[in-house]
Amino acid sequence: MKRYTVICEGRSEFVYIQRLQSFLDEQSTTGWSVPLRFMPIDNGGGFYGNIVSGYRAKRKHNKHARIKIWADYDLYARNDKGSMTLYLAKPLGIPDFKFSYHNFEDFLVLHMEDKKVQSWKESVAASGHLTTPLHTKKYTELFANIMPNYQKGDLSPDFISEKSLRCLKQNIQNPIVPPPAEPHFGNFASFLIGEIDAVYPELLARQGRA
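Residues numbered from 1 in each chain as written. Predicted model: local features only at pLDDT ≥ 70, side-chain atom pairs only at ≥ 80, totals over all residues. Heavy atoms only, no water.

### Notes on the pairing of strand S4 (residues 97–100)
Inference 1: In this structure, strand S3 (residues 67–72) lies alongside S4, joined through three bridges in parallel fashion. If you follow Trp70 over to S4, its bridge partner there is Lys98.
Inference 2: With three bridges joining them, S4 and strand S5 (residues 185–187) adopt parallel strand pairing. Along S5, the bridge assignment pairs Lys98 with Gly186. (Pairing = 2+ DSSP bridges. Helix = DSSP H or I, 4+ residues; strand = E, 2+ residues; numbered from the N terminus.)

Pasting the structure below:
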């Protein structure tokens, strides 16, 4: 069994991991012993200092856990509270983060079909979000056109499916916001698909239920 603790920037990511794990639980053929398990922790903030405090607390509690950090890149692109400056100077022992580029809503769009992905690309390109990430109020106004009933911190239980994960796998090949080329800026979406493919190699290759 592969078990990952995921230190999530906030409630939205926490709920996503819960929904994802429920879906993965359904794929198990071995009863309650699920071969891939993600255990989220709501860190209550994505600034570098918040994330590192959460990581150190968890690592102190469990020295052997596989811990992944999932944060939004927009805070770092804007260097809010010096987050990028601090990240680039992070000490040994702090792992590289896995990011959503630029934010959680951009990550959600990657689970959607071409028409909605293209619509979002056009909206964020016109707004300047691709180069200078928008703040929450602005991008959530745009996102309402893609998911009208969406609320931050919540996600429909059926959002995660074979169909949406296949879309994610396809869309990370042509991302809305390309990740930086530097090696210390991981892509959470790519990590996720890699782990699912490794444990369930046929799941996202087949034409299954939506």
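### A word on the pattern of salt bridges
Inference 1: The tally for this structure, following the rule as stated, stands at 11 salt bridges.
Inference 2: The partner of Arg78 in a salt bridge is Asp74, with the nearest N and O atoms 4.0 Å apart.
Inference 3: The partly exposed category is assigned to Arg78, whose relative accessible area is 21%.
Inference 4: Look at the salt bridges and you will find they share partners, linking Asp74, Arg78 and Asp80 into a network. (Salt bridge = Lys/Arg side-chain N within 4 Å of Asp/Glu carboxyl O. Buried < 20%, exposed > 50% of the residue type's maximum accessible area, 1.4 Å probe, protein only.)

### Some remarks on the packing of aromatic side chains
Inference 1: One pass over the structure, following the stated rule, counts 27 aromatic pairs.
Inference 2: Look at Phe143 and Tyr150: their rings are 4.9 Å apart centre to centre, the planes differ by 75°, and that puts the pair in the edge-to-face class.
Inference 3: The buried category is assigned to Tyr150, whose relative accessible area is 15%.
Inference 4: By the ring-pair criterion, three or more aromatic residues cluster together here, those being Tyr4, Tyr16, Phe38, Trp70, Phe104, Phe107, Phe188 and Phe191.
Inference 5: Residue placement shows Arg66 over the ring face of Tyr4; its charged tip is 5.7 Å from the ring centre.
Inference 6: The side chain of Lys90 reaches across the aromatic face of Tyr87, ending 5.5 Å from its centre. (Phe/Tyr/Trp six-rings, centres within 6.5 Å; stacked < 30°, edge-to-face > 60°. Lys NZ or Arg CZ within 6 Å of the ring centre and 35° of its normal.)

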